[in-house]
Amino acid sequence: MQALSETIIKTLSEHPLNIERKAAGLTHTNFITLRGCGQRLEVPSFESKYGGAKPFMIAPTAIIRGVGITFNIPVIDVPGTTGYYDSDLNAKALKAAELLSSNEYDFGFVHVKGTDDAGHDKDHRIKVEQFEKCDTMIETFINAVKDDAENEYIVLVTGDHTTPTQVGDHTYEPVPIMISL
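My aim in this report is to walk through the structure given alongside it, one point at a time. (Residues numbered from 1 in each chain as written. Predicted model: local features only at pLDDT ≥ 70, side-chain atom pairs only at ≥ 80, totals over all residues. Heavy atoms only, no water.)

1. Focus: the packing of helix α5 (residues 89–101) against helix α7 (residues 124–145)
Then, in step 1: Orientation of α5 relative to α7, taken along the N-to-C sense of each, is 30 degrees, at an axis distance of 8 Å. Comparing their axes, α7 and α5 come out roughly parallel. Considering only the axes of α5 and α7, their crossing is right-handed. In contact with Leu89, Asn90, Lys92, Ala93, Leu94, Ala96, Ala97 and Leu100 of α5, α7 contributes Lys133, Cys134, Thr136, Met137, Thr140, Phe141, Ala144 and Val145. (Axes fitted to C-alpha atoms, helices over the stretch in contact; angles between N-to-C directions. Helix = DSSP H or I, 4+ residues; strand = E, 2+ residues; numbered from the N terminus. Parallel < 35°, antiparallel > 145°, perpendicular 65-115°, else oblique. Left-handed = near helix turned anticlockwise from the far one by under 90°. Contact = heavy atoms within 4.5 Å.)

2. Digging into the pattern of salt bridges
Then, in step 1: Counted according to the given criterion, the structure contains six salt bridges.
Then, in step 2: We note a salt bridge from Glu14 to Lys10, for which the minimum N-O separation is 3.0 Å.
Then, in step 3: For Arg65, the salt bridge goes to Asp77, with nearest N and O atoms at 2.9 Å. In this pair, Arg65 is assigned in helix α4 (residues 62–70) and Asp77 in the loop between α4 and α5, connecting sequence segments twelve residues apart.
Then, in step 4: Through salt bridges that share partners, Lys113, Asp116 and Asp117 make up one connected network. (Salt bridge = Lys/Arg side-chain N within 4 Å of Asp/Glu carboxyl O.)

3. A word on α4
Then, in step 1: Every buried residue belonging to α4 is among Ile64, Gly68 and Thr70, and all of these are buried. Taken end-on, α4 shows its buried residues confined to a sector of 165 degrees, consistent with a single buried face.
Then, in step 2: Close packing links the buried residues of α4 with β1 (55–58) and β2 (107–110).
Then, in step 3: Downstream of α4 by a residue or two, Asn72 has a phi angle that is positive, lying close to 55 degrees. (Buried < 20%, exposed > 50% of the residue type's maximum accessible area, 1.4 Å probe, protein only. Arc of directions from axis to C-beta.)

4. A closer look at the nonpolar core
Then, in step 1: Phe56, Ile58, Ile76 and Phe141 are the most contacted members of the largest nonpolar core, which has 19 residues in total.
Then, in step 2: Of all the elements in the fold, those that place two or more residues in this core are β1, α5 and α7.
Then, in step 3: It is α5 that contributes the most residues to this core, seven residues altogether.
Then, in step 4: Apart from the residues lying within four places of it in its own chain, the contact partners of Ile76 are Phe56, Met57, Ile58, Lys95, Leu99 and Tyr105.
Then, in step 5: In terms of nonpolar packing, the next biggest core, distinct from the first, is built from five residues, Met57, Ala59, Ile64 and Val75 among them. (Core = buried A, V, L, I, M, F, W, Y, C linked by side-chain atoms within 4.5 Å.)

5. Structural notes on the pairing of β1
Then, in step 1: Neither face of β1 is exposed, since Pro55 and Met57 on one face and Phe56 and Ile58 on the opposite face are all buried.
Then, in step 2: Where β1 and β2 come together, four bridges link them in parallel fashion. Within the sheet, the bridge partner assigned to Ile58 lies in β2 and is Val110. (Pairing = 2+ DSSP bridges.)

Take a look at the structure:
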């Protein structure tokens, strides 16, 4: 990876357009960020590793989708979900309810990115709004499945890390977890 980065920096720095822009005092490109770059790991599918449990994932952001793809978890696209503040979380909830009530899947993973983004943006007001949208999403899901007499549902809500608005980056505090039967 380091050799690739060095080659890219050298190539961009020597490109005539970048030389011209730099000489004129304009912004120019001399590197790219290779975050998340790599290749798919060869690992057993989630289903084969965990006794045939069939999951699905709703996650519009590339890095989380990549985790699902790595473990052969079907990644479901839901119109209106963007992985940003404007994402339609209720559409995610309704799709998850539809998929789970179909009995095709045993469980689902629904990812929400807006709360993390608000932390990185150091915007407390938007972070609160995003948590409120999550509350509404959970309510939407529960209302969609509450009359399903054929299935039992367990709802687990947690986070993968903390991103306080005061810091603007991931930190080490414990994340809360909620489980409801």
